[in-house]
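Commentary on secondary and tertiary structure
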Amino acid sequence: MAYHIRAASRGTSPSLQICDVSACSVRMAWQPCVASGEEEDEAELEALRRDEAIAEHLRRFLQTTERYLKGELDGMPRLGAWRRS
């Protein structure tokens with residue numbers, strides 16, 4: 001399975017998109033949300049939680065991909081299988 005990874009940064013707003021080359025479908029996309037007029041501390045905590053959740057999803061996705069490439073999985077992982085570790 002080949003992937004095309006598109007990463008961009010517009011000022012302080014990074015974005016990431018991982019696409020399956022053979023199926024031409026997006027496997028994962030991420031772009032940070034803009035915080036509305038909340039207090040700075042709460043906004044920072046929410047941003048930290050969001051970043052931790054994204055990192056965890058990406059970690060599971062990469063672990064499933066690694067297991068598939070090593071032949072440790074019986075078949076091809078279904079879409080979203082990396083979420084269900």
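Before any of the text, the structure's been laid out above.
Every value quoted in this text rests on a predicted model; they were computed, and no experiment measured them. (Residues numbered from 1 in each chain as written. Predicted model: local features only at pLDDT ≥ 70, side-chain atom pairs only at ≥ 80, totals over all residues. Heavy atoms only, no water.)

Let us look at the overall build of the chain. In terms of helices and strands, the chain carries one helix and three strands. Along its sequence from the N terminus, the chain presents helices and strands in the succession β-β-β-α. Evaluated residue by residue, the chain yields a buried proportion of 14% over its 85 residues. Pairs at least 24 residues apart make up 23% of the contacts formed inside the chain by residues separated by at least 6 positions. Here the chain has roughly 6,600 Å² of accessible surface; of this, 52% comes from carbon and sulfur atoms. (Helix = DSSP H or I, 4+ residues; strand = E, 2+ residues; numbered from the N terminus. Buried < 20%, exposed > 50% of the residue type's maximum accessible area, 1.4 Å probe, protein only. Contact = heavy atoms within 4.5 Å. Areas by Shrake-Rupley, 256 points an atom, 1.4 Å probe, with all protein chains shown as cover.)

Now for the sheet that holds strand S2 (residues 13–20). The three strands lie next to each other as S1-S2-S3, forming an open sheet whose pairing is antiparallel. The strands lining the two open edges of the sheet, one partner per strand, are strand S1 (3–10) and strand S3 (25–30). Within the sheet, the average angular offset between the axes of one strand and its neighbour, ignoring direction, is 15 degrees. (Pairing = 2+ DSSP bridges. Axes fitted to C-alpha atoms, helices over the stretch in contact; angles between N-to-C directions.)

Moving on, we come to the side chain of Ser15. Among the secondary structure elements, Ser15 is positioned in strand S2. The exposure class of Ser15 is buried, given its relative accessible area of 16%. Residues contacting Ser15, with those up to four places away along its chain left out, are Arg6, Ala7, Ala8, Arg10, Trp30 and Gln31.

Attention now goes to the environment of Ala29. Relative to the elements of secondary structure, Ala29 occurs in strand S3. When the C-alpha atoms of Ala29 and Ala7 are compared, they prove to be 9.7 Å apart, with 22 residues separating the residues in sequence. Apart from residues no more than four positions distant in its own chain, Ala29 is found in contact with Leu16 and Gln17.

Here we come to the environment of Arg10. With respect to the element layout, Arg10 can be found in strand S1. Classification of Arg10 as exposed rests on a relative accessible area of 57%. Setting aside its immediate chain neighbours within four residues, Arg10 contacts Ser15 and Gln31.

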